[in-house]
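Each chain is listed here by its residues.
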Amino acid sequence: MRFATPEYLYLLIIVPIILAIYIYSNYRRKKSLRLYGDVELLRNLMPDVSDYRPGIKFWLSLAALVLIVVALARPQFGSKKETITRQGIEVVIALDISNSMLAEDIAPNRLEKAKNIISRLIDKFENDKVGLIVFAGDAFVQLPITNDFISAKMFLETISPDLITRQGTDIGGAITLAMKSFTPKEGVGKAIIVITDGENHEGGAENAAKLASEQGMNVYLLGVGSLDGAPIPIAGTNDYRRDKENNVVVTKLNEQMAQSIAQAGNGAYIRVDNTNNAQKLLESEVNKLAKADVETEVFTEFNEQFEFIAWLALILLVIEILILTGKSRFTKGFKLFDK
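Because the structure is a prediction, the values reported are computed rather than measured.

So, how was this worked out
- Residues numbered from 1 in each chain as written.
- Predicted model: local features only at pLDDT ≥ 70, side-chain atom pairs only at ≥ 80, totals over all residues.
- Heavy atoms only, no water.
- Helix = DSSP H or I, 4+ residues; strand = E, 2+ residues; numbered from the N terminus.
- Buried < 20%, exposed > 50% of the residue type's maximum accessible area, 1.4 Å probe, protein only.
- Contact = heavy atoms within 4.5 Å.
- Areas by Shrake-Rupley, 256 points an atom, 1.4 Å probe, with all protein chains shown as cover.
- 1 Å grid on protein atoms, 1.4 Å probe; cavity = no way out; pocket = protein on both sides within 12 Å on 5 of 7 lines; lining within 4 Å.
- Points joined across faces, edges and corners; volume = space filled by probe spheres on them.
- Nonpolar A, V, L, I, M, F, W, Y, C, P; charged D, E, K, R; others polar.
- Phe/Tyr/Trp six-rings, centres within 6.5 Å; stacked < 30°, edge-to-face > 60°.
- Pairing = 2+ DSSP bridges.
- Axes fitted to C-alpha atoms, helices over the stretch in contact; angles between N-to-C directions.
- pLDDT = per-residue confidence, 0-100.
- Expected span 1.5 Å × (residues − 1).
- Polar contact = N/O pair within 3.5 Å; in protein donor to acceptor, adjacent residues only side chain to side chain.
- Arc of directions from axis to C-beta.

**Comments concerning the overall build of the chain**
The helix and strand inventory of the chain stands at 11 helices and 11 strands. For the chain, buried positions account for 41% of its 339 residues. Restricting to contacts in the chain with at least 6 residues of sequence separation, those with at least 24 account for 78%. Summed over all atoms, the accessible surface of the chain reaches about 19,200 Å², with 55% contributed by carbon and sulfur.

Written out as C-alpha cells, the structure is:
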C-alpha cells in the first residue's frame, strides 16, 4: 500500500491534541458536578441524561476525523506488478560497530560520521542496490541487498554497538559475508565498502579481500579515526574505557592495515576525517563501477481506496447523529446508551 498524497497524514497530529482536550474537559465536568452535591443523587434527578452518549459521540467523531484524513492522503494498493530493467550497481556496506568506533576524534564520533557518509551515499543511488552488514567480533547482515533505500536508511539509524556483544574487529568475516550477499547477476559492478578504524584486527582480511577481487568484487576501505588516537567514552558517564591496569584505552586508526586490505581487494583506501573529502572520494570511486542491467519488480498500476474510507467515515457520522437524538425511540431502544 502507498499514499498518493501522504502530506495530509501530518494532520493526524491534531488527534492526540483533541484527545487531551477531551480528557481534560471530562475531568473538569466531573469536578463541577461534585460541587453541586452527591453524584448519584444528581443522576436520579436527571434520568434522561446519558452517561454514555457524550463518550460515544466523541469516539465516533474522532474515528471519522481519522478516516477523513486517511482518505485525503489517498491510500492505494498495487494491482499490477512488472519487472523493469534499469542500469545500476550493487553495493554492500560493512560497518564496524565495535566500541572503539565511539571515539570522538572524528566529530561527533567515528560511528556517527560513518553513518552520515553511508546515508549520503544512499541518497545518490537511483537504480542501484545496497545491503548493510555490521560487524565487531562477529558479523551479520543488518539489511539484505535491496533497492528499498527508505528501509536502508531506517535500518541505518538503528545501528549501534549494542547490536553485537562480542568485541573485536573481524574485517575478514565481514568481507566474506558481504561476498555472499550479492545477487547472482553477472556483469554488474559490485563493491564492498568496509568502514572501520581497524582496531583489534583478527586476521584473514587481506585474503578475503583478494578472494573478493578475484570474483569481480572491488573492496574499498574507509579508515575512520586519527593517527594520534582518542579515548573511548563510556555511555552515561564522564569516564573512558580502561584496561586491566586502569589506564585509559586510546584507540588509533590502523591506516597501514587498511591500505593493505584495499590494495588486496583491487579497490581504494579513503581516510575519513572531519572534512567532506572522504564523501566525495567515495562517490567518485563508486561512479567508476560498471553499470549493468538490474531487474526490479515494481507496481505500475494502483487502485484508489479513498472512496471506501470516505463512505466509512460518513457512516460513522450518521450513526453519531442518530445517537445524539437522545429522546428518540431509536436511542431509547438501546440500553447501552442510557444508564
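Here the narrative resumes, following the displayed structure.
**Concerning the layout of surface pockets**
Computed from the structure, the second largest pocket encloses a volume of approximately 160 Å³. Breaking the lining of the second largest pocket down by element, the ones donating at least two residues are helix H4 (110–124) and helix H9 (277–287). The leading source of residues in the lining of the second largest pocket is H9, at 3 residues. Here the lining of the second largest pocket is composed, by residue class, of 4 nonpolar, 3 polar and 5 charged.

**Concerning the packing of aromatic side chains**
Going through the model one piece at a time under the given rule, you end up with 4 aromatic pairs. Between the aromatic rings of Tyr22 and Trp59, the centroid separation amounts to 6.4 Å while the plane-to-plane angle is 70°, which identifies the pairing as edge-to-face. Of this pair, Tyr22 sits in helix H1 (residues 14–36) while Trp59 sits in helix H3 (residues 53–72), placing them 37 residues apart in sequence. Given the relative accessible area of 18%, Tyr22 is considered buried. When its relative accessible area of 49% is taken as the criterion, Trp59 is described as partly exposed. With a centroid separation of 6.0 Å and 45° between ring planes, the pair formed by Phe125 and Phe149 is classed as tilted. Here Phe125, found in the loop between H4 and strand S4 (129–135), pairs with Phe149, found in helix H5 (residues 149–157); they are 24 residues apart in sequence, far enough to count as distant. Judged by relative accessible area, Phe125 falls into the buried class, the value being 8%. Among the aromatic residues, those joined into a ring-pair cluster are Tyr22, Phe58 and Trp59.

**Thoughts on the sheet that holds strand S10 (residues 269–272)**
Strand order in the open sheet formed by 6 strands is S5-S4-S3-S6-S7-S10, and the pairing between neighbours is mixed. Strands with a single pairing partner mark the edges of an open sheet, and in this sheet they are strand S5 (139–146) and S10. Neighbour-to-neighbour, the strand axes of the sheet open up by a mean angle of 15°, direction not taken into account. Its contacts with the sheet place helix H6 (residues 171–179) against strand S3 (90–96), S4, S5, strand S6 (190–196) and strand S7 (217–224), and it is angled at close to 155° to S6. Strands S6, S7 and S10 of the sheet are contacted by H9, whose axis makes an angle of about 155° with S10.

**A look at the side chain of Glu255**
Mapped onto the elements, Glu255 comes out in helix H8 (residues 255–264). On the basis of relative accessible area, Glu255 is assigned to the buried category, the value being 18%. If sequence neighbours within four positions are ignored, Glu255 has contacts with Leu227, Tyr269 and Arg271.

**A short note on the confidence of the model for the chain**
In this model, the chain carries a mean pLDDT of 85, and residues with pLDDT of at least 70 account for 83%. Ignoring residues within four places in sequence, the model shows residues 325–339, a span with pLDDT below 50, making 25 contacts including any to other chains.

**Overview of the side chain of Asn109**
The topology assignment puts Asn109 in the loop between S3 and H4. By relative accessible area, Asn109 is classed as buried at 13%. Ignoring any residue separated from it by four or fewer positions in sequence, one finds Asn109 in contact with Met101, Leu102, Ala103 and Glu104.

**Looking at H4**
Its 15 residues place the ends of H4 22 Å apart at the C-alpha level, agreeing with the 21 Å of an ideal helix rising 1.5 Å per residue. Buried within H4 are the following residues: Arg110, Leu111, Lys113, Ala114, Lys115, Ile117, Ile118, Ser119, Leu121 and Ile122. The backbone nitrogen of Leu111 has a side-chain oxygen 3.1 Å away, supplied by the residue at the start of H4, namely Asn109.

**Focus: H9**
Along H9, the residues that are buried comprise Ala278, Gln279, Leu282, Glu283, Glu285 and Val286. Summarising the axial view, the buried residues of H9 lie within an arc of 160°, below the 170-degree limit, and thus occupy one face. Exposed residues lying more than 90 degrees from the buried face of H9 are Lys280 and Asn287. Tucked into the core, H9 has its buried residues touching H4, S6, S7 and S10.

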